[in-house]
Amino acid sequence: MAGRKVVCCLLFLFSLGFSETLEEVLSFAVENSPTLKALQAERLLIEGKRLSYRSNLNPELSVEFGNFGTSKESYTKSPLYHIGYNQPLPLYGILKKADSLYRAEEKAFKYRFEAQKRQLIAEIYRLFYRALYKKELLELSKEALNFQKELFNFVERSYRLGEASKLEFLKAKREYQMAVSSFELAKAEYEASLKELSSLVGKDIKDVEGSFQIPHLKELKETPFLSYYEEINKAIGKELQIEKALSMPQVSVSLVAEKVADREYGLRVGISSTLPFFYKRQGEVLNLLSKREVLMAEKENYLRRLEYEVKAIKLKLEEIKKQLDKIDTELLPEAKQELELALKSYRLRVITLPELYLTRQSYQELLKKRLELLLMAHEEKAKYVELGGLP
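Residues numbered from 1 in each chain as written. Predicted model: local features only at pLDDT ≥ 70, side-chain atom pairs only at ≥ 80, totals over all residues. Heavy atoms only, no water.

Looking now at the overall build of the protein. Within the protein, the secondary structure is distributed over 9 helices and 6 strands. What you see for the protein is a C-alpha radius of gyration of 38 Å, clearly larger than the 21 Å of a compact globule of 391 residues, by over 25%. Principal-axis analysis of the C-alpha atoms gives the protein an extent of 135 × 50 × 30 Å. Here the protein, with 391 residues, has 37% of them falling under the buried criterion. Here the protein holds 64 positive side-chain charges and 58 negative ones, and the gap between their average locations is 1 Å. (Helix = DSSP H or I, 4+ residues; strand = E, 2+ residues; numbered from the N terminus. Rg over C-alpha atoms; globule rule 2.2 N^0.38 Å. Buried < 20%, exposed > 50% of the residue type's maximum accessible area, 1.4 Å probe, protein only. Lys, Arg positive; Asp, Glu negative; His and termini not counted. Charge placed at Lys NZ, Arg CZ, Asp CG, Glu CD.)

Shown next, in the form of structure tokens:
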């Protein structure tokens, strides 16, 4: 017997080693999320966009060889005929504007990344507390199983002594078997919730642990979603400045060395400019203006949603707190006292076995109701985090 207790203790301690807290799960998921890694790779697009504006400054070199047509000189006699170099000028501060755009988009990207991270955290938070809820239900099923087992043993002894009827014995046996089935089902549901959580986190989670109590909402001052909309709007404004600069005449200077006589060359300096009479990058400007309008509409929708949903979340949490306070301070102590009294009364043959089962069922349902309210509270907290709040 002593050896069996030691083995049970070791197995219990071993199982604790696999328990994961919310902080541990979130840390691993955020660090290893394929979605966040893919989003992080998009940062290179911002750098690439900044570098692309330098392409307009690439110089042009031209070289010509040969003496053809009406020339009386042979090809091998001074074959180099023309060398030209053309250099676009970095006017209108395009490179400076591109650097400014890069910094603005980089800042907007950080808020976008944080917003995406909050979405992931909210979903993990939701699945974690669903798993914790299933674990609490499993504990309730275990307590109910122990109760039914003790009661069945009592009824069985009473039946053998002739103090209980066969009907009571069969009913107690059936209720015990149903409790075993309920326990196995609760165990399977808990394991299924762990699998669902594991698929999102990216590793096999054997067990979860944490305090299954009413959550508290941290003050929502500035959300990453709102900051992203503000910063990306600034970035679009800077990009419009670049497009305006590119719509201006683009000036280049050129240097030409050209053959003017046998083994004699002359130098010329020139200046050229584009004449944007027909196209002034209206397509790019319209695309940016359209993008800005879409983002501003999304921002307004988010602000409206944020205002009303935060109010709804706080309202629901207040109601859940009231119901939990009533259960913890009034209903649950009374139900527990009624169950203890019913158990004593049945042992003294004051009440029947069905009456005892009804009392026990009422107590069990009250415990489940309490857990359901706590799960509802954490579901509301997950919505709050999804809107941009902190877990």
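And the narrative resumes.
So, on to the environment of I214. Tracing the chain through its elements places I214 in the loop between strand 4 (207-208) and helix 7 (224-246). Setting aside residues no more than four positions away along its own chain, I214 makes contact with I320, K321, L324, L374 and A377. (Contact = heavy atoms within 4.5 Å.)

The next thing to look at is the confidence of the model for the protein. In the predicted model, the protein carries a mean pLDDT of 88, and 92% of its residues have values of at least 70. Contacts for the low-pLDDT stretch residues 1-17, under 50 throughout, to residues beyond four places or in other chains number 0 contacts. (pLDDT = per-residue confidence, 0-100.)

Core analysis: the largest hydrophobic core is formed by 89 residues, its most contacted members being L197, V208 and L356. Contributing elements (two or more residues each) for this core: helix 2 (22-32), helix 3 (34-41), helix 5 (94-160), helix 6 (166-201), helix 7, helix 8 (282-347) and helix 9 (353-386). Every residue in contact with L197, bar those within four places of it in the chain, is listed here: V25, I124, L127, F128, I205 and V208. (Core = buried A, V, L, I, M, F, W, Y, C linked by side-chain atoms within 4.5 Å.)

Side-chain pairing between opposite charges can occur once the charged atoms of the two side chains come close. What the rule picks out here adds up to 30 salt bridges. For R50, the salt bridge is made with E47, and the minimal N-O distance between the two is 2.7 Å. Pair noted here: R50 and E47 are both in helix 4 (residues 43-52), with a separation of 3 residues, about one helical turn. Among the residues examined, R50 registers a relative accessible area of 19% and is labelled buried. The structure contains a network of salt bridges with shared partners spanning E123, R126, R130, E379 and E386. (Salt bridge = Lys/Arg side-chain N within 4 Å of Asp/Glu carboxyl O.)

Looking along a regular strand, one sees the side chains alternate between the two faces of the sheet. The buried count for strand 2 (residues 60-65) comes to 0 of 6 residues, which makes it a mostly uncovered element. The pairing of strand 2 with strand 3 (residues 80-88) spans 6 bridges and is classified as antiparallel. Across the sheet, the residue bridging to E64 is H82, located in strand 3. (Pairing = 2+ DSSP bridges.)

In space, the 4 strands of this open sheet follow the order 2-3-5-6, with antiparallel pairing throughout. Pairing within the sheet leaves two strands with one partner each, and these edge strands are strand 2 and strand 6 (264-273). Across this sheet, the average inter-strand angle for adjacent strands is 15°, counted without regard to direction. (Axes fitted to C-alpha atoms, helices over the stretch in contact; angles between N-to-C directions.)

Right, let's talk about unusual backbone geometry for a bit. The residue Y92 is not glycine, and still its phi comes out positive at about 65°. Counting through the fold element by element, Y92 comes out in the loop between strand 3 and helix 5. Judged by its relative accessible area of 32%, Y92 falls in the partly exposed class. With a phi close to 60°, R281 is a non-glycine residue in the positive phi region. Within the fold, R281 resides in the loop between strand 6 and helix 8.

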